[in-house]
Amino acid sequence: VKIVKVVNEKIDIDKLNKKTDNLYIINKEKNLVIRISPEELATLQKGRSIWFWCNMNKDEESIYVKSHEKVVKTLDKLQQESITNIYIPIDRRMTDIYQDFITEASKRNMSVYALEGDPAFVFEEAHENCINGIIDNIVDYNSGVPEEARIKGVHYDVEPYGNTNNADPDRNWVDGQTEKAKNSNVRKLYMNFVKKSSEYAKEHNLIVEYDVSLAFNKFTYYNEQGEERTMSEDIIKYADKVTIMAYTTNANNIFGA
């Protein structure tokens, strides 16, 4: 992607060559224009992911896993949208029921990941369930099905800043970049969760991914050796892939990091 900086003048949209097939993203605040050629756009669109929220306790949602007709119709639509990765919550009471969904996804060159997440996952008493339990269940399921029906890995959507209403202050997130925030227990617990879950997943040959807040690129913490580390850098070090949660409808926020 080519980045063109406009110096000492206001960006004039009319100056962009509208006769080309190029697309432009304009950031007036940063005085930047991003020019994306059709070839570059095609490369960016080759791999897309989707969060496929499907509650097996609701008939109107579970039908998209239980009904072969619905599965085929849905996956055909996702294929048209260039989806290559599907993140879906796995109900461990009935993991085998996802076999048809995963097999049909594989036929369309899509990978299926177990979507898991809760702010409480950061606490060590939850690790037996949210790390060992989740990963062991996938390993057990994968061992009994053909390769095309296997779950690719785990996609964790764990947002530690959701811990705000606990009676114990050490179990609450501290926002910002004060020394109190950098030393806060939840920040350290979250990074420990990332380390432990990634190591356990890789021990079992599963891909592990994490959703991360854009703010983690600014937030730091002190590791076990007392070193100040940037959260995002260490998460990326442990993860096979991360998804940055940079939700915005304002182009001026694109360069917020």
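See above for the structure.
Residues numbered from 1 in each chain as written. Predicted model: local features only at pLDDT ≥ 70, side-chain atom pairs only at ≥ 80, totals over all residues. Heavy atoms only, no water.

Asks: I keep staring at the sheet that holds strand β8 (residues 207-213) and nothing clicks. Help me out?
Replies: By way of backbone hydrogen bonds, the strands of a sheet pair with one another, either parallel or antiparallel. Reading across from one edge, β4-β5-β6-β7-β8-β11 is the order of the 6 strands in this open sheet, with parallel pairing throughout. Edge strands, defined here as strands with exactly one partner in the open sheet, are β4 (48-51) and β11 (241-245). Between one strand axis and the next, the sheet turns through 25 degrees on average, direction left out of account. For β8 and β11, the ladder comprises 5 bridges, and the chain directions are parallel. Among the inter-strand pairings, S213 is bridged to a residue of β11, identified as M245. In the packing of helix α7 (residues 185-203) onto the sheet, the strands contacted are β7 (153-156) and β8, and the crossing angle to β8 comes to about 160 degrees. (Pairing = 2+ DSSP bridges. Helix = DSSP H or I, 4+ residues; strand = E, 2+ residues; numbered from the N terminus. Axes fitted to C-alpha atoms, helices over the stretch in contact; angles between N-to-C directions. Contact = heavy atoms within 4.5 Å.)

Asks: Mind showing me how you'd approach the environment of V72 here?
Replies: Secondary-structure assignment places V72 in helix α3 (residues 68-80). With a relative accessible area of 23%, V72 lands in the partly exposed category. When the C-alpha positions of V72 and A105 are compared, they lie 8.6 Å apart, and in sequence the two are 33 residues distant. With residues near it in sequence (within four places) discarded, V72 still touches E104 and R108. (Buried < 20%, exposed > 50% of the residue type's maximum accessible area, 1.4 Å probe, protein only.)

Asks: When you look at unusual backbone geometry in this model, what are you seeing that I'm missing?
Replies: In terms of backbone geometry, most residues other than glycine have negative phi values and most peptide bonds are trans. The backbone of N109 shows a phi angle near 60 degrees, a positive value even though the residue is not glycine. Mapped onto the elements of the fold, N109 is located in the loop between α4 (99-107) and β6 (111-116). Positive phi values are uncommon outside glycine, yet N205 reaches one of about 60 degrees. Along the chain, N205 falls in the loop between α7 and β8.

Asks: Would you take a moment to explain the packing of aromatic side chains for this structure?
Replies: Within a pair of aromatic rings, the relevant descriptors are the distance that separates the centres and the angle that separates the planes. One pass over the full model with this rule turns up 12 aromatic pairs. Both rings, one in F52 and one in F101, keep their centres 5.5 Å apart while their planes meet at 45 degrees; by these two values the pair is tilted. Here F52 is found in the loop between β4 and α2 (59-66), whereas its partner F101 is found in helix α4, with 49 residues between them in sequence. Each member of the pair, F52 together with F101, is buried. Between Y161 and W173, the aromatic rings sit 6.1 Å apart at their centres with planes inclined by 80 degrees, giving edge-to-face as the arrangement. Residue Y161 is found in the loop between β7 and α6 (179-182), and its partner W173 is found in the loop between β7 and α6; the two are separated by 12 residues along the sequence. (Phe/Tyr/Trp six-rings, centres within 6.5 Å; stacked < 30°, edge-to-face > 60°.)

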